[in-house]
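Next come the chains, spelled out residue by residue.
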Amino acid sequence: MLSVASAALLLFFVMDPLGNVPLFMAALKNVAHERQRIVILRELVIALAVLLGFLFGGPRLLELLHVSGTALTVAGGVVLLLIALRMVFPSGDHSLGEEVAAGEPFVVPLAIPYIAGPSAMATVLLLTSREPDRWPAWLLALVLAWAATGIVLFFAPTLGRVLGSRGLLAVERLMGMLLVVVAVEMVMSGLRAYLRT
């Protein structure tokens, strides 16, 4: 059974705020300095709304699609593994990097997919579908992870200067390694559950 702290840490790693710092800085380069933090706050709220939609509406969606819990566990583990491998072995350009037109970015790419990306959505869906009765715990974990992500991203320009590109890359790779272990455990857990049925 996953604790609130463990779930919050997992979601924080999946949201990968430190890995997103250079992406946020690049996406906001055409935005006036005094508007940058307002835009970041707005995008954080939008991302939270999307993830809350998956938290409360996800199980019903899975019922409509007739997706079993074991299939979701394995699929979630595979998606998480792919994201983690991209964090550990980054390509020349970021896998989720997108060109931002002149002006303020809205929803895409900051809220989706940088914060509320496929892996974050899948993780929230996985948590709530496996133990739907524990939704208050998952809600708390999501809010904690979102708040921690928000703090990191709110100070993205400062962090970018302090840690530098090499420091950010090193932290992202460490988070990726931890996510690889979690992803493999999810896949094994799903396969064990399937073999028992």
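Everything numeric in this text was worked out from a predicted model, so none of it was measured.

Calculation criteria
- Residues numbered from 1 in each chain as written.
- Predicted model: local features only at pLDDT ≥ 70, side-chain atom pairs only at ≥ 80, totals over all residues.
- Heavy atoms only, no water.
- Phe/Tyr/Trp six-rings, centres within 6.5 Å; stacked < 30°, edge-to-face > 60°.
- Helix = DSSP H or I, 4+ residues; strand = E, 2+ residues; numbered from the N terminus.
- Buried < 20%, exposed > 50% of the residue type's maximum accessible area, 1.4 Å probe, protein only.
- Lys NZ or Arg CZ within 6 Å of the ring centre and 35° of its normal.
- Contact = heavy atoms within 4.5 Å.
- pLDDT = per-residue confidence, 0-100.
- Core = buried A, V, L, I, M, F, W, Y, C linked by side-chain atoms within 4.5 Å.
- Expected span 1.5 Å × (residues − 1).
- Bend = angle between axes of the 7 residues up to and from the residue.
- Patch = residues over 30% accessible without salt bridge, like charges linked within 9 Å, V, L, I, M, F, W, Y side chains within 5 Å.
- Areas by Shrake-Rupley, 256 points an atom, 1.4 Å probe, with all protein chains shown as cover.
- Salt bridge = Lys/Arg side-chain N within 4 Å of Asp/Glu carboxyl O.

### Topic: the packing of aromatic side chains
- As enumerated under the stated definition, the model contains 4 aromatic pairs in all.
- Taking the centre distance of 5.7 Å and the plane angle of 65 degrees together, the rings of Phe56 and Trp135 count as edge-to-face. One end of the pair, Phe56, is in helix 3 (residues 33-65); the other, Trp135, is in helix 7 (residues 135-154), with 79 residues separating them in the sequence.
- With relative accessibility at 39%, the residue Phe56 sits in the partly exposed group.
- Judged by centre distance (5.4 Å) and plane angle (90 degrees), the rings of Phe154 and Phe155 are edge-to-face.
- When the ring centre of Phe154 is taken as reference, the NZ or CZ atom of Arg37 above it lies at 4.8 Å.

### A short note on the environment of Arg173
- Topologically, Arg173 is positioned in helix 8 (residues 156-196).
- Under the relative-accessibility criterion, Arg173 is labelled partly exposed at 37%.
- The spacing of Arg173 and Ala193 is 20 residues in sequence and 30 Å in space, taken between C-alpha atoms.
- Not counting chain neighbours up to four residues away, the residues in contact with Arg173 comprise Met87, Val88 and Pro90.

### Focus: the confidence of the model for the protein
- The predicted model of the protein has a mean per-residue pLDDT of 86, with 94% of residues at 70 or higher.
- Here helix 4 (residues 69-88) stands out as the element of the protein with the lowest mean pLDDT, 82, in contrast to helix 7, whose mean of 96 is the highest.

### Digging into the nonpolar core
- Judged by nonpolar contacts, the single largest core of 54 residues is most densely connected at Phe24, Leu51, Leu142 and Leu179.
- Counting only elements with at least two residues in this core, the list comes to helix 1 (4-15), helix 2 (17-27), helix 3, helix 4, helix 5 (110-115), helix 6 (118-130), helix 7 and helix 8.
- In this structure Leu142 touches Leu11, Met15, Leu48, Leu51, Leu52, Leu55 and Val124, once residues within four positions along its chain are discounted.

### Looking at helix 8
- Over its 41 residues, helix 8 runs only 46 Å from end to end, short of the ideal 60 Å by more than 12%, given 1.5 Å per residue.
- For helix 8, the principal kink sits at Gly164 and spans about 95 degrees.
- The inward-facing, buried residues of helix 8 abut helix 1, helix 2, helix 4, helix 6 and helix 7.

### Looking at a nonpolar patch on the surface
- There is a patch of nonpolar side chains on the surface, built from Leu61, Leu64, Leu65 and Val67 and spanning about 390 Å² of accessible area.
- Locating Leu64 in the fold gives a position in helix 3.
- Relative accessible area serves as the criterion here: at 69%, Leu64 is assigned to the exposed category.

### As for the pattern of salt bridges
- Taken as a whole and judged by the stated rule, the model has 5 salt bridges.
- Between Arg42 and Glu104 there is a salt bridge; the shortest N-O distance is 3.1 Å. You can see Arg42 sitting in helix 3 and its partner Glu104 sitting in the loop between helix 4 and helix 5, a full 62 residues away along the chain.
- Under the relative-accessibility criterion, Glu104 is labelled partly exposed at 34%.

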